[in-house]
Amino acid sequence: MEGVSSLDEPLKKLLGGATAKVMAEHLDLHTVGDLLHHYPRRYEERGKLTALTDLPLDEHVTVVAQVADARILTFNNGRGKRLEVTLTDGSGRLQLVFFGHGVHKPHKELLPGRQAMFAGKVSVFNRKMQLAHPTYQLLDASDADEASEAVDAFAGRLLPIYPACKQLDSWRIAKAVDAVLPSARDAVDPLPASLREGRGFTPLPEALLKVHRPQTRADIEDAKARLKWDEAFVLQVALARRRYADTQLPAAARRRVPDGLLDAFDAKLPFTLTEGQEKVSKEIFDGLATEHPMHRLLQGEVGSGKTMVALRAMLAVVDAGGQAAMLAPTEVLAQQHHRSITEMMGELAEGGMLGGSDRGTKVVLLTGSMGAAARRQALLDLVTGEAGIVIGTHALIEDKVRFHDLGLVVVDEQHRFGVEQRDALRSKGKQPPHLLVMTATPIPRTVAMTVFGDLETSVLDQLPAGRSPIASHVVPAKDKPHFLARAWERVAEEVENGHQAYVVCPRIGDDAEEAEGRGGKKAKAKKAAPEEDGEKRPPLAVLEIADQLRGGALSGLSVEVLHGRMHPDEKDDVMRRFAAGDVDVLVATTVIEVGVNVPNATAMVIMDADRFGVSQLHQLRGRVGRGSAPGLCLLVSEAHEASPARARLSAVAATLDGFELSRIDLEQRREGDVLGQAQSGVRSSLRMLTVIDDEEVIAAAREEAVAIVAADPELERLPELRTVLAALLDKEREEYLDKG
């Protein structure tokens, strides 16, 4: 393909500057190709379009109707003017209203008897549905032919309704699409001919014509099948090429050494590993033994023993002469991992110290808030190789941190590990280190294949023996206040039986938080009743709830607080005392969501549970039932019984299967949130594909992509696919793919 394809033409050449500017700024559409891939959101049939009787409130709608009546009314002693237009379509009536200078043009054009297409947001005024200042297009132009053409074009059999914005209605987008549609003939088809024919796909130019201007519903299905496949396939080829490139990098193989730290550790374990842990460990050990970097995602339910699996991998690397680093998203978590790992290892974590094992190594902690002396010592232990294992926050990535021989990086939880961090850590090894990413958020297979597609996946789906079942219940605090009173009685009973409890709140409730408010603006205390203006009361806060409990339902018990704005030493102290059993009830924010392990804690009450996401509730619940006594999780909510929020809570209460919940979560949020704003590169390229519904498409595309890349890594025999990939992988998208 020589020169610039007509799909790369800037839109302003074809559409004029003003329209092109709105498209660029509000819809992120810059070229002819971008607009051709801006697919209709849905299609209306003309009969459907015109029903004025069932317009949804607060939504942007498009209607075709006839003007029944139009009159100008004055108000404010004649100083203000308002044009009211009544529409009818045979099924019902709708009022339009225009104000101020905006009344003149519609007053001249919207005469009784004229037909037009109107678009705007439906609101209610004086108990009547209305559209305020709608945009409109007349359909009954003076030229009869032109009028019928307009009706055919807009209210023909299938009218495409485009994702629009306030500045640009669906039909103005449709007109713009008409202007660029001839260029669809030049669309580069990324699919190898054999694949396209083998799967019976419509050629790409035809698919683009059918998706924008379908004659029948079957045209739409044809086009969608083809366009979905392209998105999945191009993305999977990009990911397959990344995985292939990784296999070409050199890495030091870290093979298992008998009679080392790992064997000594296994020998002192008080329990046997589950089958799942054995299987996943083997996958990891095999990966570490290869001479290119392992990149593996370890998915496991809360409490399935991921840390144990990761620790054994780290010990194997230390045995093989390397060092291992574990990166945690917060200081609380880094401290917790450090504590639990040194406890699990015992004297093996005291290499070179009095009473330490001669086979042991040093396990050091490195966080941003450490004192200078402790930090200096930790850095020294790393550079000399004295410390085989280091656990820390992003502080590990700083320039000053030098390793003796970094062999494995374990990334814990939730923080997407960006390309900059991966490169920064890579540069710390003599060769790229092996990488293990752990997550306790069960990820549906399709999301794992798209979001983490450049990582091989291991799944731990068995809970270790000795984990107890957790009973979960929704407590409707508003409808049944006595249920909440009973919840606190249950907490007191657990404590009486020698156990402990967590109470989780969405907010801290300190002055710093109030001053910052949401998004840094000073927040005013809301005095409005919850029902007024639909204002919700502020979420419940840790400090307030702790005070209420100390003075009321749980007086006489030791109640402490834990939140992210406490000094690290203070946090550590509270956590230590809770773990030791000196604190009965811990009132906390979600800082306890991951990594806290107190087997004696059996009850958890989550206040304003509807303000948390499904996977977050599942994570929190996983903090209880970690010992031999059964767990109890109470989801307290004031949400209305019929609300989606309550449905979400009931789903969480009904199952302990994290994978099942992650599917429910994904169905509710759709994939916009899953891929997240940070990965907008792929969001903008997933226009037709929905991660939740198209599992088969994604899985099949992945298989084809792997085969194609294995046979032709540089895609030399597929120049069209290379061209399309280059377009997908502009800078932003490449960064997204690096966040695996």
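Just so it is clear, the model here is predicted, and its values are computed rather than measured.

Asks: Please explain the pairing of strand β9 (residues 295-300) as it appears in this structure.
Replies: Within a regular strand, the side chains alternate between the two sheet faces. Counting buried positions over the six residues of β9 gives six, a clear majority of the element. Taking every second residue as pointing to the same face, both faces of β9 are buried, with His295, Leu297 and Gln299 on one and Arg296, Leu298 and Gly300 on the other. Direction of pairing for β9 relative to strand β14 (residues 434-439): parallel, over a ladder of five bridges. Across the sheet, residue His295 finds its bridge partner in β14, namely Leu435.

Asks: How should unusual backbone geometry be read in this particular structure?
Replies: Trans is the common state for peptide bonds, and a negative phi is the common state for residues other than glycine. Look at Asp28: it is not a glycine, yet its phi comes out positive at around 60°. Relative to the helices and strands, Asp28 resides in the loop between α2 (17-27) and α3 (32-36). A residue is classified by how much of its surface remains accessible, and Asp28, at 47% relative accessible area, is partly exposed.

Asks: Which parts of the structure should I look at to understand the pattern of salt bridges?
Replies: Pairing is possible between side chains of opposite charge, provided their charged atoms come close. Within the structure shown, the criterion is met by 34 salt bridges. With a closest N to O distance of 2.8 Å, Asp230 and Arg226 form a salt bridge. In this pair, Asp230 and Arg226 are both assigned in helix α10 (residues 217-248), four residues apart and thus about one turn of the helix distant. Here Asp230 matches Arg226 in class, with each residue buried. The partner of Arg577 in a salt bridge is Asp573, with the nearest N and O atoms 3.3 Å apart. Of the two residues, Arg577 and Asp573 both sit in helix α21 (residues 568-580), four residues apart, roughly one turn of that helix. Judged by its relative accessible area of 38%, Asp573 is partly exposed. Through salt bridges with shared partners, a single ionic network connects Arg486, Glu489, Arg490, Glu493 and Glu494.

Asks: I keep staring at the side chain of Gln323 and nothing clicks. Help me out?
Replies: Relative to the elements of secondary structure, Gln323 occurs in strand β10 (residues 323-327). A polar contact of 2.7 Å, which involves the side chain of Gln323, links it to the backbone nitrogen of His404.

Asks: Is there a simple way to think about the sheet that holds strand β16 (residues 470-476) in this case?
Replies: Adjacent strands of a sheet pair through backbone hydrogen bonds, lying either parallel or antiparallel. As summarised here, the arrangement of the six strands in space is β16-β21-β20-β17-β19-β18, forming an open sheet in which the pairing is parallel. Each having just a single partner strand, β16 and β18 (559-562) make up the two edges of the open sheet. Here the average twist between neighbouring strands, direction ignored, is 20°. Two elements, β16 and strand β21 (residues 631-637), share seven bridges in a ladder whose sense is parallel. Residue pairing across strands places Pro476 opposite Ser637, the latter belonging to β21. Each of β16, β17 (500-504), β20 (601-606) and β21 is contacted by helix α22 (residues 614-621), which is oriented at about 150° to β20, the strand it contacts most. Contacts from helix α23 (residues 644-654) reach β16 and β21 within the one sheet, and its direction differs from that of β16 by about 160°.

Asks: Any chance you could explain the side chain of Asp572 here in plain terms?
Replies: Tracing the chain through its elements places Asp572 in helix α21. Taking the relative accessible area as the measure of exposure, Asp572 reaches 15% and is therefore buried. Reaching out from Asp572, the side chain makes a polar contact with the side chain of Arg339 at a distance of 2.5 Å. Non-local contacts of Asp572, meaning those with residues more than four positions away in its chain, are made with Gln335 and Arg339.

Asks: Whenever I open this one, the sheet that holds β9 confuses me. Can you help?
Replies: Judged by pairing direction, the sheet is parallel, and its seven strands sit side by side in the order β11-β12-β10-β13-β14-β9-β15 without closing on themselves. Single-partner strands in this sheet number two, and they are β11 (362-366) and β15 (456-460). Direction aside, the axes of adjacent strands within the sheet are offset by 20° on average.

Asks: Explain the nonpolar core to me, please; I cannot follow it from the model alone.
Replies: Within the largest apolar cluster, 40 residues are counted, with the highest numbers of intra-cluster contacts made by Met314, Met345, Ile389 and Leu408. The greatest single-element share of this core, amounting to 10 residues, is contributed by helix α13 (residues 306-319). Apart from residues no more than four positions distant in its own chain, Met314 is found in contact with Ala324, Met326, Ile341, Ile389, Leu408 and Val410. Ranked by size, the runner-up nonpolar core spans 32 residues in total, among them Tyr162, Ala174, Ala207 and Ile220.

Asks: I keep staring at the packing of aromatic side chains and nothing clicks. Help me out?
Replies: Between two aromatic rings, the relevant description is the distance of the centres plus the angle of the planes. For the structure shown, the criterion picks out five aromatic pairs. Ring centres of Tyr502 and Phe578 lie 5.1 Å apart, and the angle between their planes is 55°; this geometry places the pair in the tilted category. Linking Tyr502 in strand β17 with Phe578 in helix α21, this pair joins segments that are 76 residues apart in sequence. Its relative accessible area of 0% is what places Phe578 among the buried residues. Here a set of aromatic residues connected by ring pairs shows up, and it is made of Phe98, Phe118 and Tyr136. Between the NZ or CZ atom of Arg256 and the centre of the ring of Phe285, over which it lies, the distance is 4.9 Å.

Rules behind the numbers
Residues numbered from 1 in each chain as written. Predicted model: local features only at pLDDT ≥ 70, side-chain atom pairs only at ≥ 80, totals over all residues. Heavy atoms only, no water. Buried < 20%, exposed > 50% of the residue type's maximum accessible area, 1.4 Å probe, protein only. Helix = DSSP H or I, 4+ residues; strand = E, 2+ residues; numbered from the N terminus. Pairing = 2+ DSSP bridges. Salt bridge = Lys/Arg side-chain N within 4 Å of Asp/Glu carboxyl O. Polar contact = N/O pair within 3.5 Å; in protein donor to acceptor, adjacent residues only side chain to side chain. Axes fitted to C-alpha atoms, helices over the stretch in contact; angles between N-to-C directions. Contact = heavy atoms within 4.5 Å. Core = buried A, V, L, I, M, F, W, Y, C linked by side-chain atoms within 4.5 Å. Phe/Tyr/Trp six-rings, centres within 6.5 Å; stacked < 30°, edge-to-face > 60°. Lys NZ or Arg CZ within 6 Å of the ring centre and 35° of its normal.

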